[in-house]
Amino acid sequence: MSERKYFGTDGVRGEVGQPPITPDFVLRLGHATGRVLRSAHRGAGRPTVCIGKDTRISGYMLEAALEAGLSSAGVDVVLTGPLPTPGIAYITRALRLDAGLVISASHNPFGDNGIKFFDAAGDKLSDASELEIEREFDLGIRCVSSGELGRARRLNDAVGRYVEFCKRALPAHLTLRGLRIVVDCAHGAAYQAAPAVFHELGAEVITTGCSPDGFNINRDVGATHPEHLREQVVKHGADVGIALDGDADRLLMADQHGRTFDGDQLVYVIARHRARREGLVGGVVGTLMTNYGLEAAFGRHGIPFARAKVGDRYVLEMLRERGWLIGGENSGHILCLDRHTTGDATLAALEVLRALVENEESLADAAADVTLLPQTLVNVRIDRAIPWRDDPRVKSALSDWERRLAGRGRVLLRPSGTEPVVRVMVEADDAALSAQGARAIADAVAATATAEA
C-alpha cells in the first residue's frame, strides 16, 4: 500500500498556521472527504457528516473551513460544538451519519490542532480510506452546482445525548453515591459532559480544568500533568481522581493518597475485574510501549496478552482480529469494545469505578498486583526526512544497550505519528539504568539531526 502524505497515526495534525493546519488545506481536505463520501453514498439524499471540536481558539477557523469544504462537495453537516472525540463517534453512529470529524490535537498545546476521522460505524478510518481521500485531495476543488450544495445545522443537545450514553455503561443497580471524585477535564472537550456523567450517577464531583478560554487546553492540567490531579485529590480529601486529556480519549486516575495510575494499571483493574466477575472474553491487547509488569501480572492470572503497534487504532485492529474486547495503551487510551467503538476516557473511568464499587476496594488495592518496571521515555525532535535508523551511531547505541539489558529490560525506538519526534523508550529493572540507557540512545539519535544540519 502507498505511503500516506498527510495522514498520521490519528488523522491530520500540526501547528496551526503551518501546513497542513491552514484554512486552505482544511478546506480542500473537507472537500476531498466530501467527494469520497458522495461517491460511496447509496441512500436517498446527500451524505451527512458530523463535526465536533475541542476548545482551542483555532477550532472556529478550522470548523468553518471544514464546513465549507464539505458543503462545496454536496455534503450536509451537523455541528456539535465542543464534544469529546468519543462523543463524535457515538453521535455519528446514533444519528446514522456517513462520517464524523473531530477538530482536535488531543493532548497537544493550544497552538496545535488537527482533524480526526470516524466512519459511519464510529471506527477510525482505514489506511485505504485515508489514501482515497488523499488522492481526491490532489485533484483540487470542483465545487458542485448551487442546487447541490450541502446544508449545515447545529445539534444543540449533543452533550446531553453523550452524557446519557455514558451513564448507560454503569448497571442500573449500581450508584456512585458516597464517592467524592475530582474530575480534571484539561480545559478541554469534556468540560461539560464528564462532570455531568459522574454527578448524575450519584458522586460528589469536584471539578478542575473546566474553564476553557481557547488558550489553556492541557496547560498544567489534565492527563498529561498528573501533579495537578494529585494535588487536587489530596487538597479536597477525595476518594479518587480522574484526569482526561484535551479531547477526552486519554485517562489517568489517582487514589485517595494522590498516587497516580496510568493506562497499563487501569487496563489491569478493568480486565481483572471482568475475569473475576463475569468472565473475560479472550484476553487483553496492549502495545509495544506497554510495561512488562502488566504482561507479567496477566500471566500470573492466566489472562492472554498480546502487543500491537503503538496507536489505539492498531490496538483496535488486533482486538477485532482476535475477537477480544479489552485493550489499551499506557498513555491512557483504553478500549472496551462492548461499550464503544473507540477509546473513551469517561467510559473507561466508569469501568474502573465499577470494579472499585463492586469489590469494595480502593484503586491502590485493585491495582496492587501490577509492579511496573521503571520506564524512561525521551522525545528527540528530528526532521522526518532524516534517515536516523541507518546511522551507525544509532545502531551502535541500540545494540549496546540491548546487550546490556538482556534479561533485565528492553529498548524501543519509534517515530511519532503525530509530531516530528523520535520516541526513545528504555525499560529496566533499575530506574537509573533505564534513564542512562534512554539518554545515551537519545543522544545518538539527536546527533544524526546535528550531522544533517
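Per-chain numbering applies: the sequence of each chain, read as written, is numbered from 1 onward. With the structure being a predicted model, the display of local features is reserved for residues of pLDDT at least 70 and the display and counting of side-chain atom pairs for 80 or more, all residues being used for whole-chain, interface and lining totals. Working from all heavy atoms in the structure, the side-chain values ignore hydrogens and water.

1. Brief notes about the overall build of the protein chain
Note the threshold: Under the DSSP-based scheme used, a helix requires at least four consecutive residues in state H or I and a strand at least two consecutive residues in state E, with every element numbered from the N terminus. Put simply, the radius of gyration uses C-alpha atoms, and a globule should come to 2.2 Å times the residue count raised to 0.38. Note on areas: these come from Shrake-Rupley sampling with a 1.4 Å probe, and a residue is covered only by the protein chains present in the view. None of His or the chain ends enter the tally, which takes Lys and Arg as positive and Asp and Glu as negative. Charge positions come from single atoms, namely NZ of Lys, CZ of Arg, CG of Asp or CD of Glu.
Across its full length, the protein chain holds 14 helices and 18 strands. Relative to a compact globule of 453 residues, whose C-alpha radius of gyration would be 22 Å, the protein chain shows 22 Å and is just as compact. For the C-alpha atoms alone, the extent of the protein chain along its principal axes is close to 65 × 60 × 40 Å. Summing over all exposed atoms, the protein chain offers an accessible surface of approximately 18,000 Å²; the carbon and sulfur share of this is 49%. Computed over 53 positive and 60 negative side-chain charges, the inter-centroid distance for the protein chain is 3 Å.

2. Some details on the sheet that holds strand E2 (residues 48-53)
Where we set the bar: Two strands are counted as paired when DSSP detects at least two bridges linking them. Only the stretch in contact is used when fitting a helix axis, every axis being a line fitted to C-alpha atoms; angles between N-to-C directions are given from 0 to 180 degrees. Should any heavy atoms of two residues lie within 4.5 Å, those residues are considered in contact.
Overall, mixed pairing links the six strands, which are arranged E1-E5-E4-E2-E3-E6 in an open sheet. At either end of the open sheet lies a strand with only one pairing partner, and these are strand E1 (12-15) and strand E6 (152-154). Averaged over all pairs of adjacent strands, the angle between their axes in this sheet comes to 20°, without regard to strand direction. Those strands touched by helix H1 (residues 23-40) are E1, E2, strand E4 (99-103) and strand E5 (112-119), and its axis lies near 5° from that of E5. Lying over the sheet, helix H3 (residues 85-94) contacts E2, strand E3 (76-82), E4 and E5, oriented at roughly 160° with respect to E4.

3. Concerning the packing of helix H8 (residues 263-277) against helix H11 (residues 345-359)
Operational definition: An angle below 35 degrees is treated as roughly parallel, one above 145 as roughly antiparallel, one from 65 to 115 as roughly perpendicular, and anything else as oblique. In this scheme the handedness of a crossing depends on how the near helix is turned from the far one: anticlockwise by less than a right angle means left-handed, clockwise means right-handed. The nonpolar class holds Ala, Val, Leu, Ile, Met, Phe, Trp, Tyr, Cys and Pro. Asp, Glu, Lys and Arg form the charged class, and all remaining residues, Gly among them, are polar.
Two elements in contact, H8 and H11, have axes separated by 9 Å at closest approach and are oriented at 50°. Considered as vectors, H8 and H11 are oriented oblique to each other. Handedness of the crossing formed by H8 with H11: left-handed. Here H8 contributes Leu266, Val269, Ile270, His273, Arg274, Arg276 and Arg277 to the contact with H11, which in turn contributes Ala348, Glu351, Val352, Arg354, Ala355, Glu358 and Asn359. Within the contact of H8 with H11, the residues separate by chemical class into six nonpolar, two polar and six charged.

4. Here's the deal with the sheet that holds strand E10 (residues 251-255)
Neighbouring strands of a sheet are bound in pairs by backbone hydrogen bonds; such pairs are parallel or else antiparallel. One open sheet accounts for five strands, arranged E8-E7-E9-E10-E11; its pairing is mixed. If you trace the sheet from one side to the other, it starts and ends with strand E8 (204-208) and strand E11 (260-261), each paired once. Pairing of E10 with E11, which is carried by two bridges, proceeds in the antiparallel orientation. Following the sheet pairing, alanine 254 is matched in E11 by threonine 260. Helix-sheet contacts for helix H6 (residues 193-200) involve strand E7 (180-184), E8 and strand E9 (240-244), and the interaxial angle to E8 is about 165°.

5. Some thoughts on helix H10 (residues 312-322)
Counted only if it meets this: Accessible area is worked out with a 1.4 Å probe on protein chains only. A residue is then buried under 20% of its type maximum, exposed over 50%, and partly exposed in between.
For H10, the full list of buried residues reads Asp312, Arg313, Tyr314, Val315, Leu316, Met318 and Leu319. Looking at the buried residues of H10, the elements they touch are helix H4 (127-137), strand E12 (284-287), strand E13 (305-308), strand E14 (326-328) and strand E15 (334-336). Where H10 terminates, the next one or two residues include glycine 323, which has phi positive at roughly 75°.

6. Some details on the environment of histidine 236
Mapped onto the elements of the fold, histidine 236 is located in helix H7 (residues 226-236). The contact partners of histidine 236, leaving out residues within four places of it in the chain, are Arg180 and Ile206.

7. Some words on the pairing of E12
Side-chain alternation along E12 places Val284 and Gly286 on one buried face and Val285 and Thr287 on a second face that is also buried. Relative to E13, E12 is paired through four bridges, and the arrangement is parallel. By the bridge assignment, threonine 287 is partnered in E13 with alanine 308. Bridge count between E12 and E14: two bridges; the pairing is parallel. The residue of E14 that forms the bridge with valine 285 is glycine 327.

8. A closer look at the environment of alanine 366
By secondary structure assignment, the location of alanine 366 is in helix H12 (residues 363-366). For the pair formed by alanine 366 and arginine 154, sequence separation is 212 residues and the distance between their alpha carbons is 43 Å. The residues contacting alanine 366, other than those within four sequence positions of it, are Tyr268, Val269, Leu356 and Glu361.

9. Remarks on the side chain of aspartate 76
By the element assignment, aspartate 76 lies in strand E3. Judged by relative accessible area, which is 16%, aspartate 76 ranks as buried. Each residue touching aspartate 76, except ones within four places of it in the same chain, is listed here: Arg46, Pro47, Thr48, Val49, Gly150 and Arg151.

10. Points about the packing of helix H5 (residues 158-167) against H11
Two numbers describe how H5 lies on H11: the axes approach to 10 Å, and their chain directions differ by 25°. Our classification of the angle between H5 and H11 gives roughly parallel. Taken as a pair, H5 and H11 cross one another with a handedness that is right-handed. Residues Tyr162, Phe165 and Cys166 of H5 lie in contact with H11, whose contacting residues are Thr346, Leu347 and Leu350. Taken together, the residues of the contact of H5 with H11 sort by class into five nonpolar, one polar and no charged.

11. Considerations on helix H13 (residues 392-404)
The condition is simple: Expected span of a helix, by definition, is 1.5 Å for each gap between consecutive residues, and there is one gap fewer than residues. Read the arc as the range of directions from the helix axis to the C-beta atoms. Polar contacts, as counted here, are pairs of nitrogen or oxygen atoms within 3.5 Å of one another; within protein the pair requires one atom able to donate a hydrogen and one able to accept it, and residues that are adjacent in sequence qualify only if both atoms are side-chain atoms.
Counted at 1.5 Å a residue, the expected span for H13 with its 13 residues is 18 Å, and the 18 Å between its end C-alpha atoms agrees. When H13 is considered as a whole, its buried residues turn out to be Val394, Ala397 and Trp401. Seen along its axis, H13 keeps its buried residues to an arc of 70°; they face one direction. Exposed residues pointing more than 90 degrees away from the buried face of H13 are listed as Pro392 and Arg403. A distance of 2.8 Å separates the backbone nitrogen of arginine 393 from a side-chain oxygen at the start of H13, and that oxygen is part of aspartate 391.

12. Structural notes on the packing of aromatic side chains
Our working definition: Any Phe, Tyr or Trp ring, taking Trp's six-membered ring, that has another such ring centre within 6.5 Å forms a pair; planes under 30 degrees apart are called stacked, those over 60 apart edge-to-face, and the others tilted. Lysine and arginine charges are scored as sitting over a ring when NZ or CZ, respectively, is within 6 Å of the ring centre and within 35 degrees of the ring normal.
In total, this model carries nine aromatic pairs according to the counting rule given. Between tyrosine 90 and phenylalanine 165 the ring centres are 4.2 Å apart and the planes differ by 15°, which places this aromatic pair in the stacked class. Of this pair, tyrosine 90 sits in helix H3 while phenylalanine 165 sits in helix H5, and the two are 75 residues apart along the sequence. As far as burial versus exposure is concerned, tyrosine 90 and phenylalanine 165 are alike and both buried. Chaining the aromatic ring pairs together yields one cluster made of Tyr6, Phe25 and Phe137. Directly above the ring of tyrosine 314 sits lysine 309, whose terminal nitrogen or CZ lies 4.3 Å from the centroid.

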